[in-house]
Amino acid sequence: MRLCDLISDYPMIKIDALPAFNDNYIWLLQEPTNRRCAVVDPGDAAPVLAWLDENPGWQLSDILITHHHSDHVGGVESLKAATGARVSGPANERIPARDVALNDGDQLEVLGLSFSVMAVPGHTIGHIAYVQPEQHWLFCGDTLFAAGCGRLFEGTPAQMYASLSRFAELPEQTHVYCTHEYTLSNLRFAVAVEPGNSRLQQRFEEVTQWRQEGCISLPSTIGLEKSTNPFLRCETPEVIASAVRHCDTALKDSVAVFAALRSWKDTF
Ligand SMILES: [Zn+2]
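Residues numbered from 1 in each chain as written. Predicted model: local features only at pLDDT ≥ 70, side-chain atom pairs only at ≥ 80, totals over all residues. Heavy atoms only, no water.

1. Focus: the sheet that holds strand β10 (residues 137-141)
The strand order β7-β8-β9-β10-β13-β14 describes an open sheet built from six strands, whose pairing is mixed. Every interior strand has two partners, whereas the edge strands, β7 (107-110) and β14 (220-221), have only one. Relative to β14, strand β13 (residues 175-178) is paired through two bridges, and the arrangement is antiparallel. By the bridge assignment, H175 is partnered in β14 with T221. (Pairing = 2+ DSSP bridges. Helix = DSSP H or I, 4+ residues; strand = E, 2+ residues; numbered from the N terminus.)

2. Notes on the coordination of the zinc ion
Looking at the zinc ion, one finds its protein donor set to be H67 (NE2), H69 (ND1), H123 (NE2) and D142 (OD), positioned 2.1 to 2.3 Å from the metal centre. In terms of primary sequence, the donors binding the zinc ion are separated according to H-x1-H-x53-H-x18-D. On the accessibility criterion, H67 (0% relative accessible area) is buried. (Donors = N, O, S within 2.8 Å, 3.2 Å for Na, K, Ca; no water. Buried < 20%, exposed > 50% of the residue type's maximum accessible area, 1.4 Å probe, protein only.)

3. Quick look at the sheet that holds strand β1 (residues 14-20)
Strands in a sheet are paired, the pairing made by backbone hydrogen bonds, and the direction either parallel or antiparallel. Strand order across the open sheet formed by six strands is β1-β2-β3-β4-β5-β6, with mixed pairing between neighbours. Two strands bound the open sheet, and with one partner strand each, they are β1 and β6 (100-102). Each neighbouring strand pair of the sheet contributes to a mean axis angle of 25°, computed without reference to strand direction. Relative to β6, strand β5 (residues 86-90) runs parallel, the two sharing three bridges. Looking across to β6, one finds that G89 is bridged to A101. Contacts between helix α4 (residues 76-83) and the sheet are confined to β3 (36-40), β4 (59-64) and β5, with β4 contributing the most and set at about 150° to the helix. (Axes fitted to C-alpha atoms, helices over the stretch in contact; angles between N-to-C directions. Contact = heavy atoms within 4.5 Å.)

4. Some thoughts on the packing of helix α6 (residues 183-193) against helix α7 (residues 198-212)
Between α6 and α7, the shortest axis-to-axis distance is 10 Å and the interhelical angle comes to 155°. Of the possible angle classes, the one that applies to α6 and α7 is roughly antiparallel. α6 and α7 meet at a crossing whose hand is left-handed. When α6 is examined against α7, the residues T183, L184, L187, R188, A190 and V191 are found in contact with a partner set consisting of L200, Q201, R203, F204, V207, T208 and R211. Here the residues of the contact of α6 with α7 sort into seven nonpolar, three polar and three charged. (Parallel < 35°, antiparallel > 145°, perpendicular 65-115°, else oblique. Left-handed = near helix turned anticlockwise from the far one by under 90°. Nonpolar A, V, L, I, M, F, W, Y, C, P; charged D, E, K, R; others polar.)

5. What about the layout of surface pockets?
Empty space among the atoms becomes visible once a probe the size of a water molecule is rolled across them. Computed from the structure, the largest pocket encloses a volume of approximately 300 Å³. Looking at the largest pocket, it is lined by 16 residues, and the ones nearest its centre are F145, R151, Y182, R262 and K265. Split into classes, the residues belonging to the lining of the largest pocket amount to five nonpolar, six polar and five charged. (1 Å grid on protein atoms, 1.4 Å probe; cavity = no way out; pocket = protein on both sides within 12 Å on 5 of 7 lines; lining within 4 Å. Points joined across faces, edges and corners; volume = space filled by probe spheres on them.)

6. Topic: the nonpolar core
Grouped together as the largest cluster of nonpolar side chains are 51 residues, with contacts concentrated most on L29, F139, F167 and L261. Setting aside anything within four residues of it in sequence, one finds L29 in contact with I13, K14, I15, R36, C37, A38, V40, L111, F115, W137 and F139. Judged by nonpolar contacts, the second largest core, of 20 residues, contains C37, L60, I65 and L79. (Core = buried A, V, L, I, M, F, W, Y, C linked by side-chain atoms within 4.5 Å.)

7. A short note on α7
For α7, which comprises 15 residues, the first-to-last C-alpha distance of 21 Å matches the rise-based estimate of 21 Å (1.5 Å per residue) to within 8%. Residues of α7 that are buried include every one of L200, R203 and V207, and no others. Seen from one end, α7 has its buried residues packed into an arc of 55°, which puts them on one side. Away from its buried face, by an angle of more than 90 degrees, α7 presents the exposed residues S198, E205 and Q212. Of the residues flanking the start of α7, the one acting as N-cap is N197, its side-chain oxygen 3.1 Å from the backbone nitrogen of R199. One or two positions beyond α7, positive phi appears at G214, with a value near 80°. (Expected span 1.5 Å × (residues − 1). Arc of directions from axis to C-beta. Polar contact = N/O pair within 3.5 Å; in protein donor to acceptor, adjacent residues only side chain to side chain.)

8. Some words on the confidence of the model for the protein
Looking at the protein as a whole, the pLDDT averages 96, with 96% of positions reaching at least 70. Low pLDDT (under 50) marks residues 1-8, which in the prediction has two contacts with non-local residues, meaning those over four places away or in another chain. (pLDDT = per-residue confidence, 0-100.)

9. Looking at the packing of aromatic side chains
Counted according to the given criterion, the structure contains 13 aromatic pairs. Centroid distance F231 to F258: 5.7 Å. Interplanar angle 70°. Geometry classified as edge-to-face. Of this pair, F231 sits in the loop between α8 (222-228) and α9 (237-247) while F258 is found in helix α10 (residues 254-266), placing the two residues 27 residues apart along the sequence. An identical accessibility class is assigned to F231 and F258; each is buried. A network of ring pairs unites the aromatic residues Y25, W27, F115, W137, F139 and Y177 as a single cluster. (Phe/Tyr/Trp six-rings, centres within 6.5 Å; stacked < 30°, edge-to-face > 60°.)

10. Describing unusual backbone geometry
For the peptide bond that leads from L218 to P219, omega is 0°, which places it in the cis range. Within the element layout of this structure, P219 appears in the loop between α7 and β14. In this model, F21 sits at a positive phi of 50°, which is unusual for a non-glycine residue. Topologically, F21 is positioned in the loop between β1 and β2 (24-31). The residue D248 is not glycine, and still its phi comes out positive at about 55°.

Structure representation (structure tokens):
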């Protein structure tokens, strides 16, 4: 297939982060040919409405929701009222103004691209993620973070571990669009867990520099997360040894290592 065929097959979509609240990002997908756009997890309508004001002629066609927390859904109703956008979100959670209820394995067409839905319980029970396999995008809400993972508000460690393990099976070049700028504090914890990981030390230095310059640390990639995120490295000897040392008890399997790391991080 020639390059021009590839270009005509898939719309060229640009993705920007609209900052919201203290450390949230609302991902904005822009399809310039038809001037349509979509947002992921608009916890606040204001940054999206401001962008639409500054970019006349653009239409918000879709709102994608990963889970029910207010910093992800707070702007949905006013955005839908202002734009008529279609609201898609998890079937098993209460999502305001939802038009399309999604379950694991469902496909959703957005801006001319087909997204696959993954059920990823743990942070919340009904949490879903959106994967675009040709573009290698993952919109994972508060399940996987750069160098960390979401807190277990509703699910069990075994559920969250299984959800993260599904992400780890995606191609390494998959871009990880998570919803918070937590990377630097996550990396401080990661370095405490695995001080002997040189790629992790290098990432810590890189992200420290980026944040000093006021730059965003996202998106990450699955490959980078697999090499530096302790929550995806529960089979690594140094990570296991640190978890055992911290909780001062034997850990019978990877889920137990994950649970120990997650509770350690909760008070780090
Ligand atoms: Zn959340």
